[in-house]
Amino acid sequence: MEIKVIKNILERNQNAADNIRRLADENKWYIVNVMGSPGAGKTSFIKCMIENLKDVFNIAVIEGDVASTIDAEQIANYGVKVLQINTGGACHLVADSIAEAIDTLNLLPKMVIFVENIGNLICPSSFDLGENLRVVVSSAAEGDDKPYKYPIMFEKADVVVLSKIDIVDAIGFDIQRYKKGLEAIKDKDLKLFEVSFRTKEGVENLVNYFYTLLDSYFKK
């Protein structure tokens, strides 16, 4: 019986995700699901995207958190549409909540929607949110073993952003070991960006990638 309940939960989520994908296609929305551990740099990544792309693309943000509105308040300062989802303890966002958030935001066509998922390297990987792209933000501060310990999260990622690279020498982070872990679970098409949102190292390449990706999408 319990297996059936789990299956039904996943089926319900997938149906909702498929409906979001259909609406996104109709409205020419591009949805980016941003995942990673607490403190990895998910909010910093989204802020970086807004700072560098808001003059070119219309951007909205859906913030997921267990309880607070701290991240949403930061994002609101940039003048973009933002909505907070508090899960009340749940370890991931679900497609039903994203659908409700999109409806509440009353979005225009041709928008980029960044969804900051709950800080977790396990649960979010199993739940489709109707996204076009999955980004995993993984910081050097977490250690170079994360691709080995949480392979499913990285396997399902389209883009991996390794943040806080300005501290790799200080903490003994082994970038080559980290890359080998990624290569063991992903093919050669995985996009990896090594950045520091504090010093701006590597940020230009990351921004250029997303600019090209979004520009191509909206010109179709």
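Note that the structure is predicted; figures quoted are calculated from it, not measured. (Residues numbered from 1 in each chain as written. Predicted model: local features only at pLDDT ≥ 70, side-chain atom pairs only at ≥ 80, totals over all residues. Heavy atoms only, no water.)

Draft legend 1. Structural view of the overall build of the protein. When helices and strands are counted, the protein shows nine helices and seven strands. Computed over C-alpha atoms, the radius of gyration of the protein comes to 17 Å, within 12% of the 17 Å expected from 2.2 N^0.38 for 220 residues, which places it in the range of a compact globule. In the protein, which comprises 220 residues, the proportion classed as buried is 47%. The long-range share in the protein, meaning contacts at least 24 apart out of those at least 6 apart in sequence, stands at 72%. Split by element, the accessible area of the protein, about 10900 Å² in all, is 50% carbon and sulfur. (Helix = DSSP H or I, 4+ residues; strand = E, 2+ residues; numbered from the N terminus. Rg over C-alpha atoms; globule rule 2.2 N^0.38 Å. Buried < 20%, exposed > 50% of the residue type's maximum accessible area, 1.4 Å probe, protein only. Contact = heavy atoms within 4.5 Å. Areas by Shrake-Rupley, 256 points an atom, 1.4 Å probe, with all protein chains shown as cover.)

Draft legend 2. Focus on the sheet that holds strand β3 (residues 81–86). The seven strands are arranged β3-β2-β4-β1-β5-β6-β7 in an open sheet whose pairing can be described as parallel. Pairing within the sheet leaves two strands with one partner each, and these edge strands are β3 and β7 (191–194). Taking the axes of each pair of neighbouring strands and ignoring which way they run, one obtains an average angle of 20 degrees across the sheet. Summarising the sheet, strand β1 (residues 30–36) and strand β5 (residues 133–139) pair through five bridges and their orientation is parallel. (Pairing = 2+ DSSP bridges. Axes fitted to C-alpha atoms, helices over the stretch in contact; angles between N-to-C directions.)

Draft legend 3. Seen up close, the pattern of salt bridges. This model, assessed by the stated rule, comprises 10 salt bridges. A salt bridge links R198 to D166, with the nearest nitrogen and oxygen atoms 2.8 Å apart. With a gap of 32 residues between them, R198 in the loop between β7 and α9 (203–218) and D166 in the loop between β6 (159–163) and α7 (168–171) connect regions that are remote in the sequence. According to the relative accessible area criterion, D166 is partly exposed, its value standing at 29%. By sharing partners, the salt bridges in this structure join D18, R21 and D128 into a single network. (Salt bridge = Lys/Arg side-chain N within 4 Å of Asp/Glu carboxyl O.)

Draft legend 4. Fine view of unusual backbone geometry. At K28, a residue that is not glycine, the phi angle is positive and equals roughly 60 degrees. With respect to the helices and strands, the residue K28 is situated in the loop between α1 (2–27) and β1. Phi is positive for K200, which is not a glycine, with a value near 75 degrees. Assignment of secondary structure puts K200 in the loop between β7 and α9.

Draft legend 5. The state of the cysteines, seen in detail. All told, the structure shown has one disulfide when counted by the stated rule. Across the disulfide, C91 is cross-linked to C123 (sulfur-sulfur distance 2.4 Å). The S-S bond linking C91 to C123 shows a torsion near -95 degrees; that makes this disulfide left-handed. With C91 in the loop between β3 and α4 (95–105) and C123 in the loop between β4 (111–116) and β5, this pair connects stretches of sequence that are 32 residues apart. (Disulfide = S-S within 2.5 Å.)

Draft legend 6. Summary view of helix α8 (residues 175–185). The set of residues buried in α8 consists of I175, Y178, G181 and L182. Buried residues in α8, looked at end-on, bunch into an arc of 125 degrees, giving them a common side. What points out from α8, more than 90 degrees from its buried face, is the exposed set K180, E183 and A184. On the buried face of α8, the contacting elements are β5, α5 (146–149), α6 (151–155), β6, α7 and β7. Its side-chain oxygen at 3.1 Å from the backbone nitrogen of Q176, D174 defines the N-terminal cap of α8. (Arc of directions from axis to C-beta. Polar contact = N/O pair within 3.5 Å; in protein donor to acceptor, adjacent residues only side chain to side chain.)

Draft legend 7. Geometry of the pairing of strand β2 (residues 58–65). Extensive coverage of β2 is indicated by the burial of six of its eight residues. In terms of strand pairing, β2 meets β3 through six bridges, oriented parallel. For V61, the partnering residue across the bridge sits in β3 and is V82. With helix α3 (residues 70–76) bridging β2 and its parallel neighbour β3, the resulting β-α-β unit is right-handed. (Right-handed = clockwise from strand over helix to strand, strands pointing away.)

Draft legend 8. Spotlight on the nonpolar core. One finds F45, M49, F114, V135, V161 and L206 to be the most contacted residues of the largest nonpolar core, which totals 32 residues. Only β1, α2 (42–53), β2, β4, β5, β6 and α9 provide two or more residues apiece to this core. Broken down by element, the residue count for this core peaks at seven residues, all from α9. Discounting chain neighbours no more than four positions away, the residues touching V135 are V32, N33, V34, M35, F45, V159, V161 and F210. Grouped together as the second largest cluster of nonpolar side chains are 22 residues, I20, L83, A95 and A101 included. (Core = buried A, V, L, I, M, F, W, Y, C linked by side-chain atoms within 4.5 Å.)

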